[in-house]
Amino acid sequence: MNQDPRSNLTELSRNSYPGRGIVIGLDETGKYFVQVYWIMGRKENSRNRFFGYDSKTGRVFTEAADPAKMKDPSLVIYDAMLEKDGTFAVSNGDQTRSFLGRTFQGGLDDWAYEPDVPNFTPRISAACYLESNRTGSKAIAEIGITRKSAWGTSSDRHIYSFEELGEGIGLCVTTYTGDGNPLPAFHGEPYPVFLRGSIEDIANNFWISVLDMENRVALAVKLIDRQSGRSTVQIINKYEKVS
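Residues numbered from 1 in each chain as written. Predicted model: local features only at pLDDT ≥ 70, side-chain atom pairs only at ≥ 80, totals over all residues. Heavy atoms only, no water.

Enquirer: Residues and numbers for the pairing of strand β3 (residues 49–54), please.
Expert: The sheet contact formed by β3 and strand β4 (residues 59–64) spans six bridges and is antiparallel. Across the sheet, the residue bridging to aspartate 54 is arginine 59, located in β4. (Pairing = 2+ DSSP bridges. Helix = DSSP H or I, 4+ residues; strand = E, 2+ residues; numbered from the N terminus.)

Enquirer: Report on the nonpolar core, specifying residues and quantitative values.
Expert: Counting residues in hydrophobic clusters, the biggest one holds 59 residues, and the most contacted among them are Val36, Tyr37, Trp38, Phe206 and Leu219. In this structure, Phe99, Phe104, Leu108 and Ala127 belong to the second largest nonpolar core, which totals six residues. (Core = buried A, V, L, I, M, F, W, Y, C linked by side-chain atoms within 4.5 Å. Buried < 20%, exposed > 50% of the residue type's maximum accessible area, 1.4 Å probe, protein only.)

Enquirer: A description of the pattern of salt bridges should follow, citing residues and the corresponding values.
Expert: Applying the stated rule across the entire model yields 10 salt bridges. One salt bridge connects lysine 241 with glutamate 63, and the closest N-O pair in it is separated by 3.5 Å. Of this pair, lysine 241 sits in the segment after β13 (231–237) while glutamate 63 is found in strand β4, placing the two residues 178 residues apart along the sequence. The shortest N-O distance in the salt bridge between lysine 222 and glutamate 83 comes to 2.7 Å. Linking lysine 222 in strand β12 (residues 216–225) with glutamate 83 in strand β5 (residues 79–84), this pair joins segments that are 139 residues apart in sequence. Assessed through its relative accessible area of 21%, glutamate 83 is described here as partly exposed. (Salt bridge = Lys/Arg side-chain N within 4 Å of Asp/Glu carboxyl O.)

Enquirer: Please set out the pairing of strand β11 (residues 191–194) residue by residue, giving values where relevant.
Expert: Along β11, one buried face is formed by Tyr191 and Val193 and the opposite face, lined by Pro192 and Phe194, is buried too. Where strand β10 (residues 169–174) lies against β11, four bridges are found, and the strand directions are antiparallel. What sits directly across from cysteine 172, in β11, is tyrosine 191.

Enquirer: Tell me what's going on with the packing of aromatic side chains, and back it up with residues and numbers.
Expert: In total, this model carries six aromatic pairs according to the counting rule given. Each ring, one from tyrosine 113 and one from phenylalanine 120, has its centre 5.7 Å from the other, and the planes form 90°; the classification is edge-to-face. Its relative accessible area of 11% is what places tyrosine 113 among the buried residues. In this arrangement the basic side chain of arginine 42 is found over the ring face of tyrosine 17, its NZ or CZ atom lying 5.4 Å from the centre. Directly above the ring of phenylalanine 120 sits lysine 148, whose terminal nitrogen or CZ lies 5.4 Å from the centroid. (Phe/Tyr/Trp six-rings, centres within 6.5 Å; stacked < 30°, edge-to-face > 60°. Lys NZ or Arg CZ within 6 Å of the ring centre and 35° of its normal.)

Enquirer: Account for unusual backbone geometry, naming residues and giving values.
Expert: For the bond from valine 117 to proline 118, the omega torsion is 5°, close enough to zero to count as cis. Along the chain, proline 118 falls in the loop between α3 (104–108) and β7 (123–129). With an omega dihedral of 5°, the bond running from asparagine 181 to proline 182 counts as a cis peptide bond. Structurally, proline 182 can be placed in the loop between β10 and β11. Unusually for a residue other than glycine, aspartate 85 sits at a positive phi of about 50°. As for its placement among the helices and strands, aspartate 85 is situated in the loop between β5 and β6 (87–91). By relative accessible area, aspartate 85 is classed as exposed at 63%.

Enquirer: So, the sheet that holds strand β2 (residues 32–40): which residues are in play, and what are the values?
Expert: With antiparallel pairing, the six strands of this open sheet are ordered in space as β11-β10-β1-β2-β12-β13. Bordering the open sheet on either side are β11 and β13, each of which pairs with just one other strand. Neighbour-to-neighbour, the strand axes of this sheet turn through a mean angle of 20°, independent of strand direction. By the bridge criterion, five bridges tie strand β1 (residues 21–26) to β10 in an arrangement that is antiparallel. If you follow isoleucine 22 over to β10, its bridge partner there is valine 173. The sheet strands contacting helix α1 (residues 5–13) are β2, β10 and β11, and the helix crosses β11 at an angle near 90°. (Axes fitted to C-alpha atoms, helices over the stretch in contact; angles between N-to-C directions. Contact = heavy atoms within 4.5 Å.)

Enquirer: Break down α1 for me, with residues and values.
Expert: If you check which residues of α1 are buried, you get Pro5, Asn8, Leu9 and Leu12. In an axial view of α1, the angular spread of the buried residues amounts to 100°, which keeps them on one side of the axis. One side-chain oxygen at the N-terminal end of α1 lies 3.1 Å from the backbone nitrogen of arginine 6; it belongs to aspartate 4. (Arc of directions from axis to C-beta. Polar contact = N/O pair within 3.5 Å; in protein donor to acceptor, adjacent residues only side chain to side chain.)

Enquirer: Any details on the side chain of serine 149? Residues and values, ideally.
Expert: Tracing the chain through its elements places serine 149 in the loop between β8 (141–148) and β9 (155–162). For serine 149, the side chain forms a polar contact with the main-chain nitrogen of tryptophan 151, separated by 3.0 Å. Contacts of serine 149, omitting those with residues within four sequence positions, involve Ser154 and Asp156.

Quick look at the structure:
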């Protein structure tokens, strides 16, 4: 990937399996933070999910579409988006709650990469903050990648802090760089992509034009008013809950 948002989106659309992905940035007006999170799946247990949403708390979470078919919920059922006291967190696992009420790095230190042999999936995480809540730090957005060391079983932790974001631009990280066995872990820095139009436009663009039709499972977009902290969520699910 490079610094061209358009070509990066094109390259992402050619990737049949980027796995889970996070985009964090600003809408075109600069008035709203945007958080995008999606999940994909190759196997039945990973595909047997959808996003639920609690409008009172802004919580977005994964649920089993068919509970009877869920074999192992440990790495697939979790809170994906949480918010509290001006902090808005998103991640691909149970670590989401770790960034509320503490520093971003402190939350990351509690977690290693996922123990899913042989993939050892990276944990990807991000958070943004209302300006009144940014005591001790000027960063308005942070992204973290925790992946297995190339030299052993320890974790490499990479944290990126951004003091300024471009309007209509998001920074993207994914768990994988493509399909494979084992799956190749994401490497490099967060890269820019476009965030254009309304919340519905953003959601539809990623769902229809970017994510692989066969492997996509669910997508959520959260729009956060930088002044009031009020959030709005748009969700697209491929599967519905079995009654």
